[in-house]
Each structure stands twice: as structure tokens, then as C-alpha cells.
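For reference, the chains in residue letters:
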Amino acid sequence: MKLIELFKTKKPVISFEIFPPKLDTPLESIYNKLEQFKELKPDFISVTYGAGGSAKDRTIEIASKIKNDYNIESMAHFTCVGHSKEEIDNLLSSLESNNLENVLALRGDPPANQPDFDFSKNIYSHASELIKHIRSKHNLCISAAAYAEGHINSKRILDDLINLKNKVDTGVDFLVTQLFFDNRIFYDFLDRAKTLGISCPITAGIMPVFKSEQIIKIASLCGASIPAKLVLMMDKYKNNPDDMLKAGIEYASAQIRDLIDNHVDGIHLMTMNRASSTKEILDNIGI
Ligand SMILES: Cc1cc2nc3c(=O)[nH]c(=O)nc-3n(C[C@H](O)[C@H](O)[C@H](O)COP(=O)(O)OP(=O)(O)OC[C@H]3O[C@@H](n4cnc5c(N)ncnc54)[C@H](O)[C@@H]3O)c2cc1C
């Protein structure tokens, strides 16, 4: 099923994000988790794409397993950084040959060892060019990334919003946001996106705080701000991982409850492959 059809009939669409295990870890480790995720009846599960295409085959294999063996709709993330046109087409064709209908089309980050990577030397400098390419050659439902606080490299948030509007206009079906911890920022982003004429569904990316060091690292990489309330919480429980986990689950649950009360199109829960904590969050919000 093309996920855009789901957004037309259901609100909020509840989705999970998982990542492939490292190459030296057997795929069974994620399949065992999928059994547990299935119990939670997500509307779809997305599978991330390792930076620069590491484990790219695993992304497709897992997305295919989710759809074809677990009967849950799936979406593969795909970054074009470092790929040739031929590799891009091969990959997209292999999505189609695996019966996959949904792709999150991304430019990707600079390779880890090249922070000053020149994207003008990449096959596509921006995700919008990749999306145009997919639209012209493949019959896939296309989602794209959005940044409620602006992409970390954009000098002005408004520039990023204008780029987002142009990206959507190249053929995006729906948007998935980067994680954020303050819903007011998200609501403000929705208002500004609407004013600019972005009318496709926008699903809210939520990452629960399971470990404070992990969140600080991820937030610093993607440029998400950590509100004072969360800083205090992480400080309070920094030496107590069990209480940190409980507090993180409660914070994410409260964030999602508020989003649902405000009629968001969807919640995209970045599960960090943690099925039991994901279950606790859904139990808390009554889903
Ligand atoms: C929901 C979500 C899932 C993600 N999943 C993954 C994953 O699985 N694997 C992974 O490696 N990374 C992932 N990322 C991270 C993503 O690859 C990075 O954020 C990357 O730096 C940007 O990708 P993009 O597709 O948003 O790029 P773009 O849309 O191309 O934007 C990148 C920058 O270029 C600017 N820009 C866009 N168009 C133009 C233009 N025409 N002219 C000038 N500037 C322009 C934008 O404002 C922005 O600053 C994900 C991000 C999100 C939000």
C-alpha cells in the first residue's frame, strides 16, 4: 500500500522507525524484535539507511521482511550521498522488485571522515533532485525529511522552509520531521509551513529519551534543541539509568498525548529498536 493512502483515511497515523543491526550482528536480532513490534500494531514501520549506504542491503531486506512476512506496511529510508545514478536506480528497482512501495528520499549527511564534503560533486546536491528523479522513473510513494527547527546547515530557518516547499513541490507525498522535544516549536513550524503553501501530511518525529548521553549526541548531530525542562530531567537522573528510562518514557508519552490532542497527521516514533519501552509509551497514551 502506498502510505499516502493511509494518511487520507487515518489520523493520527502511528509509525515506528527501526535501524538495521550492525553488519557483524545477525539479522535475527531485529527479527526477534519485529515479533514484539507487530503486537503493537503500528500503521507502518520505517527502516533507516546506514550513513553513506553501509548496510544498504539490510535496509531493503528488513523492509521487505516487515512487509512480506510480518504483513506490516514498511518504508525504506534511502540517502543518495556517494551513490552513482546507476546505483540509485538499482536500489530503487530492488525496492520495487521486493514489493516495497514507499521510500523516504534523503540527500544524506557528509561522509563521517569528510565533514566539508562538497555536495555539488555528489550526483544530487539536494533531496529535491533525487525526488524528481524517483518521480520520473519509479512508481513509489515518496516521503521526505522536514526540520521543525530548520536543518542544521541552513543559515536561516526561513531559507530551509522555502527549500522544503520547493522539495515538496517536486513530488513529495508526505513529510516526516526530525526529532524535536518542544511541541510549541513543531506547532509553529506547522503554521509557517501552511502559510508557505505546504499542504501534504506532516508526521511528527518523536525520539524518547532512553539514555541522556545518547540524546545529547543525537541532538548535537542533527541540531535539535533540548528544552530546559528536559535538561533538568536528564541532570536529575543522570546517575540512575532506570529512573532516566522511566522519566524519558513519561516525557515522550506526554509529548505524544499533546500532539494527538492537537490533531497531528501522524506520530513517527523513533524506537531505537526498543520494543518494550515503545509498548510502555503506547500503553501510556492508550493506543
Ligand atoms: C525523518 C528523518 C529520517 C532520516 N533518516 C536518515 C537515514 O536513514 N540515514 C541517514 O544517513 N540520514 C537520515 N536522516 C538525516 C538526513 O540524511 C540529513 O538530515 C541530511 O543532512 C539532509 O537530508 P535531506 O534529505 O533533508 O536533505 P535536503 O532536503 O537536500 O536538505 C539539506 C540542506 O540543503 C538545503 N537545501 C535544500 N534544497 C536546496 C536548494 N535547492 N538550494 C540550496 N539549499 C538547499 C536545505 O535547506 C538543508 O539545509 C534523516 C532525517 C530525518 C528528518
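The rules we used
Position numbers for residues count from 1 along each chain, tracking the sequence in the order it is written. Local features in a predicted model are, by the rule used here, given only for residues with pLDDT of at least 70; side-chain atom pairs are given and counted only at 80 or more, and totals for whole chains, interfaces and linings are based on all residues. The basis for the side-chain values is all heavy atoms of the structure; hydrogens and waters are excluded. The cutoff for a nearby residue is simple: one of its non-hydrogen atoms must lie within 4 Å of the molecule or strand. Think of a polar contact as two N or O atoms within 3.5 Å of one another; within protein, one of them needs to be a possible hydrogen donor and the other a possible acceptor, and neighboring residues in sequence only count if both atoms come from side chains. Per-residue and other accessible areas were derived by the Shrake-Rupley procedure at a 1.4 Å probe size, with only the shown protein chains allowed to occlude residues. A run of H or I in DSSP becomes a helix once it reaches four residues, and a run of E becomes a strand once it reaches two; helices and strands are each numbered from the N terminus. Under the convention adopted here, Pro, Cys and the residues Ala, Val, Leu, Ile, Met, Phe, Trp and Tyr are nonpolar, Asp, Glu, Lys and Arg are charged, and Gly plus all remaining residues are polar. Buried Ala, Val, Leu, Ile, Met, Phe, Trp, Tyr and Cys residues form a nonpolar core when they are joined through side-chain atoms within 4.5 Å. For every residue, the accessible area (1.4 Å probe, protein chains only) is compared with the maximum for its type, and the residue is labelled buried under 20%, exposed over 50%, or partly exposed between those bounds. In this description, contact between two residues means that some pair of their heavy atoms is separated by no more than 4.5 Å. Between Lys or Arg on one side and Asp or Glu on the other, a salt bridge is scored when a side-chain nitrogen of the former is within 4 Å of a carboxyl oxygen of the latter.

A.B. asks: Can you walk me through the site of the ligand in this structure?
C.D. replies: Lining the immediate surroundings of the ligand are 22 residues, of which Y49, D109, Y147, D160 and K167 lie closest. Separating an oxygen atom of the ligand from a backbone N or O atom of A127 is a distance of 2.8 Å. Across the complex, the protein chains shield 82% of the 980 Å² of accessible surface that the ligand would expose by itself. Of all the secondary-structure elements, those providing two or more residues to the shell around the ligand are β3 (73-79), β4 (102-106), α6 (157-169) and β6 (174-177). It is α6 that contributes the most residues to the shell around the ligand, 3 residues altogether. In terms of residue class, the shell around the ligand is built from 8 nonpolar, 10 polar and 4 charged.

A.B. asks: Which parts of the structure should I look at to understand the nonpolar core?
C.D. replies: Across soluble globular proteins, nonpolar side chains have a tendency to be buried as a group. Ranked by internal contacts, the top residues of the largest apolar core, which has 80 residues, are I18 and L175. With 7 residues, the single largest contributor to this core is helix α10 (residues 241-261). In contact with L175, other than residues within four places in its own chain, are A144, A145, A146, L164, V168, I198, C200, P201, I202 and T203. Counting 13 residues, the second-largest nonpolar core is a separate cluster that includes I4, L104, L106 and A145.

A.B. asks: Even after reading the chapter, I still don't get the pattern of salt bridges, so can you show me in this structure?
C.D. replies: In a structure, side chains of opposite charge can pair up when their charged atoms sit close to one another. The tally for this structure, following the rule as stated, stands at 16 salt bridges. Here K67 makes a salt bridge to E101, at a shortest N to O gap of 3.0 Å. One end of the pair, K67, is in helix α3 (residues 56-68); the other, E101, is in the loop between α4 (85-97) and β4, and 34 residues separate them in sequence. With relative accessibility at 12%, the residue K67 sits in the buried group. Using a relative accessible area of 22% as the deciding quantity, one classes E101 as partly exposed. The salt bridge involving D89 is made with K137; its shortest N-O contact spans 3.0 Å. Separated by 48 residues along the polypeptide, D89 in helix α4 and K137 in helix α5 (residues 127-137) bring together distant segments of the chain.

Don't take any of this as a statement about function, it's just geometry.
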